[in-house]
Structures are given as C-alpha cells and as structure tokens.
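Each chain, letter by letter, is given below.
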Amino acid sequence: MPPANYTEAFKDIPGTVVFDATQSRLGYHLNMFCMSLMKAENRAAFKADERAYLQKFPMTGDQREAVIARDYNRMIALGGNIYFLAKIGATDGFSFQNLASKMTGVPEDEYKAMMIAGGRPAQGNRSKTDRSK
Amino acid sequence: MARITAGVATSHIPAVGAAIDLGKTHEPYWQPVFAGYEFSKRWIAEHKPDVVILVYNDHASAFSLEVIPTFAIGCAESFAPADEGWGPRPVPVVEGHPELAWHIAQSTILDEFDMTIVNRMDVDHGLTVPMSLMFGQPQAWPCKVIPLAVNVVQYPPPSGNRCWNLGKAIRKAVASFDRDLNVMVWGTGGMSHQLQGPRAGLINKEFDTRFLDRLTTDPEDLAQLPHLEYVREAGSEGIELVMWLIMRGALAAEAREVYRFYHVPASNTAVGHIIFENPH
C-alpha cells in the first residue's frame, strides 16, 4: 500500500498538479482528444472547426471551453496532462516555451530570458506552507 | 557471453531534436549544448555497442491513457519514429534485437518484474533524441536498440528503488545471454525541469549536481529518494530521473565515471549527461 499521504503530500508543492488517479479519471476524454491530434487528418479537422471536432469527444463543457481558450492551466486543473496537452500546442505550431509562457503568465521573451539566466529557482518554490524554503 | 560494457545517461529534450533536424546546432543558443556531446560521439565511435538497451519514457505517443504499462520492453524487429503532433522526426527507423529483448523479458519476469512485452510500438523523442545526440545524423543507426519504456506520466511511477533493482535484473539477464555482444544501457530524461503550470521553468542545479555525484558514488542510497523530493526539488518532469537508476543498476558498483556534462538551459530544461564504463 502507498503511504496514506502519498498523493496528498504533493499538494504542498506550489504551482504543480501531479497527474494522479483523480486527475487521470477527470481528464480521460480531454487527454484522449489530445491523443487524436497525433494524426495529420485529425489536426486538419480540428483546425477547420474546433467546436464541431470537440463534440466528438465526451468531454465536459468546461473542458471544451478551456481548449478553445487555450487556457492550459485550466485544462490541467480539469485533468489534462501536459504531455497530452502539448499536442494542442504542436497543432497550433507553438513551442513548449510558448506554452510555458502562457502557463506562467509572462511574455515569451521574458520567459526565455528567465531560462537563459538559469531558470526559476527552487528557493521559495518548494512548499506552499513554507515559502522561505 | 553478452556483457554490459558501459552506461550512458542523457536528457532527451524534444527541442534538441528539433534543433538537429532543422540544422540549428551551430546557432549561439544551441552550440554549447551540442559541444557537450562532442566527446560522447568520439567515445561511442570507439566503443561501438552492438546493442543499446535504451530506457526512456513515452510521452503520450505509443501509450495513451488506454493502457499504461509501468515497464514495457520492445521485442519487435523495428520501431518507427512517432508522429508527436508535427510529423515524425526525420531519423532512421530503429532496429530492434528481438532475441535479446525476449531473453531479457523472460529473465526479468522470472525475477519477479512484471514486464509488458510490446511487439508493435512507435518511438518518440524520448528515445530518438538520445540516439541523435550520441550518433549524429547517420543514414542508419549503427547499432540495435531495445526500447524499455517506463511510465513516469501517470502517478505513481515506479520507485527509484524498483528502477535500481530492475537494472540489476537486466544485468543478470544480459550476462546469461549466450552470444558475444557488446551491450550498453542508457538512461534518459531529466534533469531538473517543470513543463506545467505557474511553476514551469524550475531548474535546480544543486540538486542535479548532487544527483550526478550520488549516481556515481552511492547509487543504492540515491535509489531511496522518494518521488516527492524529485518533484519538489527537480520539478514535476524531473521525476524522469528515476530512469537513470535503471542504467546505473545495470552497471557494476565500481563502474567508472568517464564523462559528465551539464548545461542550462535547453528550452525549459537542464541538460545533464554522464558516461560510465564498467570494469573490464
């Protein structure tokens, strides 16, 4: 058996959603929609009419709206996993850094500059309960 | 008999593959990354593996959420590069070694590792980027490859200790294969990086450096590190580093570190790379 607090313990990490059983169940159809974008003809169909294409998957209305809005943090909250969601970014022709700039709410240039300067430090980003860590 | 002669670990960042495929390796941003692999290309040309057991994770390419194997070993004759959303990478098809792969599957299952046997699987950047970094851009890859896909997407992934022990079981399996083969084990992924959410861009050089040090000197103790510490210290995708322990477990305790490279950043990620040679 996993320790009782195995899943709970991750929730102390700021700005991070661990793709556990709960998220996986919540996001199954959203993530399977993303999987469908691995085929060129599906990418074309999605681009031609996003709403119609999304209707093919039994996702929630909130999930569909988050996809249309390209709100990646919302998609993650609704069970999306970043490796799956990245296929939406690839379909749009965006790099991972572009998605990261969207999720962190800073312009892409600023995000890139942060990475070149050594990335986001762990210091202060380890624990919600103790931001001094 | 077959023997494991060396281990390699490297990050498998997709943007690195794109830089190679689009001819950008000499651009100022990318040059320091590729310079770090010049030694490795010379080294591997000298050491010529017959087979590489390549430990990597699939990134929702071959495995969706329909089937999620913890450890999956590729036993096919060949593996095609996957279309990850922008078309397959223009790299050669990966030739397998079904005979050794099946032998390892049988041996590790009898050693109580519940391996998933895969006879059809496309391989994504997790496998092909390390091949490009080590071998460049040949018309055909110069060795056979046994893909070993580890789940690090759906929680819980295997523990570091489980990975370490699987490495040891692979060592035993290879040693009992009755063919004269030079086998390497590669561990890929990492180092510190987080691709999701407001904490994206996390890099932890201190953690990464300590990880490399401990991988060399006290890997058995490193294998006890809990998942929580990987995610907290090395970012949500830093969990990929558990796969490096399979490589290290497959080597002798006294394996020698012959090369190390570390660079920040490549896209969102800290590039880490280390080479070990087993004693002769």
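Residues numbered from 1 in each chain as written. Chains lettered and ligands numbered in written order. Predicted model: local features only at pLDDT ≥ 70, side-chain atom pairs only at ≥ 80, totals over all residues.

1. Observations concerning the overall build of chain B
1) Next: Counting its regular elements, chain B contains 10 helices and 10 strands.
2) Next: Projected onto its principal axes, the C-alpha coordinates of chain B cover approximately 45 × 40 × 40 Å.
3) Next: Of the contacts formed within chain B by residues at least 6 apart in sequence, a portion of 83% connects residues at least 24 apart. (Helix = DSSP H or I, 4+ residues; strand = E, 2+ residues; numbered from the N terminus. Contact = placed C-beta atoms within 7 Å.)

2. Section: the confidence of the model for chain B
1) Next: Averaged over all residues, the pLDDT of chain B is 97; the fraction at 70 or higher stands at 100%.
2) Next: Here the complex is predicted with pTM 0.97, and the ipTM for its interfaces comes to 0.95. (pLDDT = per-residue confidence, 0-100.)

3. Focus on the sheet that holds strand S9 (residues 256-266) of chain B
Residue and element names in this part refer to chain B.
1) Next: Strand order in the open sheet made by the eight strands is S6-S3-S7-S2-S8-S1-S10-S9, with mixed pairing throughout. Strands with a single pairing partner mark the edges of an open sheet, and in this sheet they are strand S6 (116-118) and S9. Put simply, the sheet's adjacent strands are angled 20 degrees from each other on average, direction ignored.
2) Next: The sheet contacts of helix H5 (residues 125-135) involve strand S1 (3-10), strand S2 (51-56), strand S7 (144-150) and strand S8 (182-188), and relative to S2 the element is tilted by about 130 degrees. (Pairing = 2+ DSSP bridges. Axes fitted to C-alpha atoms, helices over the stretch in contact; angles between N-to-C directions.)

4. Quick notes on the nonpolar core
1) Next: In this structure, B:Ile53, B:Leu54, B:Val55, B:Ile73, B:Ile146 and B:Met243 are the most contacted members of the largest nonpolar core, which totals 130 residues.
2) Next: If near-sequence neighbours (up to four positions away) are discounted, B:Ile146 is found in contact with B:Val51, B:Ile53, B:Leu54, B:Ile73, B:Gly74, B:Gly96, B:His97, B:Leu100, B:Ala101 and B:Ile104. (Core = buried A, V, L, I, M, F, W, Y, C linked by C-beta atoms within 7 Å. Buried ≥ 20, exposed ≤ 12 C-beta atoms within 10 Å, placed from the backbone.)

5. Points about the packing of helix H2 (residues 21-36) of chain A against helix H7 (residues 82-92) of chain A
Residues and elements named next belong to chain A.
1) Next: Across the interface, H2 lies against H7 with an axial gap of 8 Å and an inter-helix angle of 45 degrees. Taken together, the axes of H2 and H7 lie oblique to each other. You can see that H2 and H7 cross each other, and the crossing is left-handed. Mapping the contact onto sequence places Asn 31, Cys 34 and Met 35 in H2 and Phe 84, Leu 85, Lys 87 and Ile 88 in H7.
2) Next: In terms of residue class, the contact of H2 with H7 is built from five nonpolar, one polar and one charged. (Parallel < 35°, antiparallel > 145°, perpendicular 65-115°, else oblique. Left-handed = near helix turned anticlockwise from the far one by under 90°. Nonpolar A, V, L, I, M, F, W, Y, C, P; charged D, E, K, R; others polar.)

6. Quick notes on unusual backbone geometry
1) Next: Going from B:Tyr155 to B:Pro156, the amide bond is cis rather than trans, its omega being -5 degrees.
2) Next: With respect to the element layout, B:Pro156 can be found in the loop between S7 and helix H6 (160-175).
3) Next: Each neighbour pair has its own omega, and for B:Gly190 with B:Met191 the value is -5 degrees, a cis peptide bond.
4) Next: Following the sequence through the fold, B:Met191 ends up in the loop between S8 and helix H7 (205-217).
5) Next: A positive phi angle is found at A:Arg70, which is not glycine, with a value near 55 degrees.
6) Next: A:Arg70 gets classed as partly exposed once you count the C-beta atoms within 10 Å, which come to 15.
7) Next: Of note, B:Lys48 is a non-glycine position whose phi angle comes to about 35 degrees, a positive value.

7. Here's the deal with the interface of chain A and chain B
1) Next: On the side of chain B, 32 residues touch chain A, which itself brings 43 residues to the contact.
2) Next: Taken together, the elements giving at least two residues each to the side of chain A that touches chain B come down to helix H1 (6-10), H2, helix H6 (72-77), H7, helix H8 (96-104) and helix H9 (108-116) of chain A.
3) Next: For the side of chain A that touches chain B, the element with the highest residue contribution is H7(A), accounting for six residues.
4) Next: Taken together, the residues of the side of chain A that touches chain B break down into 26 nonpolar, 13 polar and four charged.

8. Re the environment of B:Ile146
1) Next: Inspection of the secondary structure puts B:Ile146 in strand S7.
2) Next: On the neighbour-count criterion, B:Ile146 (27 C-beta atoms within 10 Å) is buried.

9. Let's talk about the pairing of strand S10 (residues 269-277) of chain B
All names here are of chain B.
1) Next: The buried count for S10 comes to eight of nine residues, which makes it a mostly enclosed element.
2) Next: The sheet contact formed by S9 and S10 spans eight bridges and is antiparallel. Looking at S10, one finds that Glu 257 is bridged to Phe 276.

10. Focus on the domain arrangement of chain A
Residues and elements named next belong to chain A.
1) Next: Domains assigned within chain A are domain 1 (18-92) and domain 2 (95-123).
2) Next: For domain 1 and domain 2, the distance between their C-alpha centroids amounts to 23 Å.
3) Next: Counting from both sides, the interface comprises five residues of domain 1 and, opposite them, five residues of domain 2.
4) Next: Breaking the side of domain 1 that touches domain 2 down by element, the ones donating at least two residues are H6 and H7.
5) Next: The residue inventory of the side of domain 1 that touches domain 2, partitioned by class, reads two nonpolar, two polar and one charged. (Domains from an automatic or database assignment.)

11. A word on H7(A)
All names here are of chain A.
1) Next: Burial analysis of H7 places nine of its 11 residues in the buried class, the great majority of the element.
2) Next: Those residues of H7 that fall on the buried side of the exposure criterion are Ile 82, Tyr 83, Phe 84, Leu 85, Ala 86, Lys 87, Ile 88, Gly 89 and Ala 90.
3) Next: Downstream of H7 by a residue or two, Gly 93 has a phi angle that is positive, lying close to 80 degrees.

12. A few points about H8(A)
1) Next: Most of H8(A) sits inside the fold, with seven of its nine residues counted as buried.
2) Next: Turning to H8(A), its buried residues are A:Phe96, A:Gln97, A:Leu99, A:Ala100, A:Ser101, A:Met103 and A:Thr104.
3) Next: Considering only its buried residues, H8(A) is in contact with H6, H7 and H9 of chain A together with helix H1 (14-21) of chain B.
4) Next: After H8(A) finishes, the residue A:Gly105 shows a positive phi value of roughly 70 degrees.

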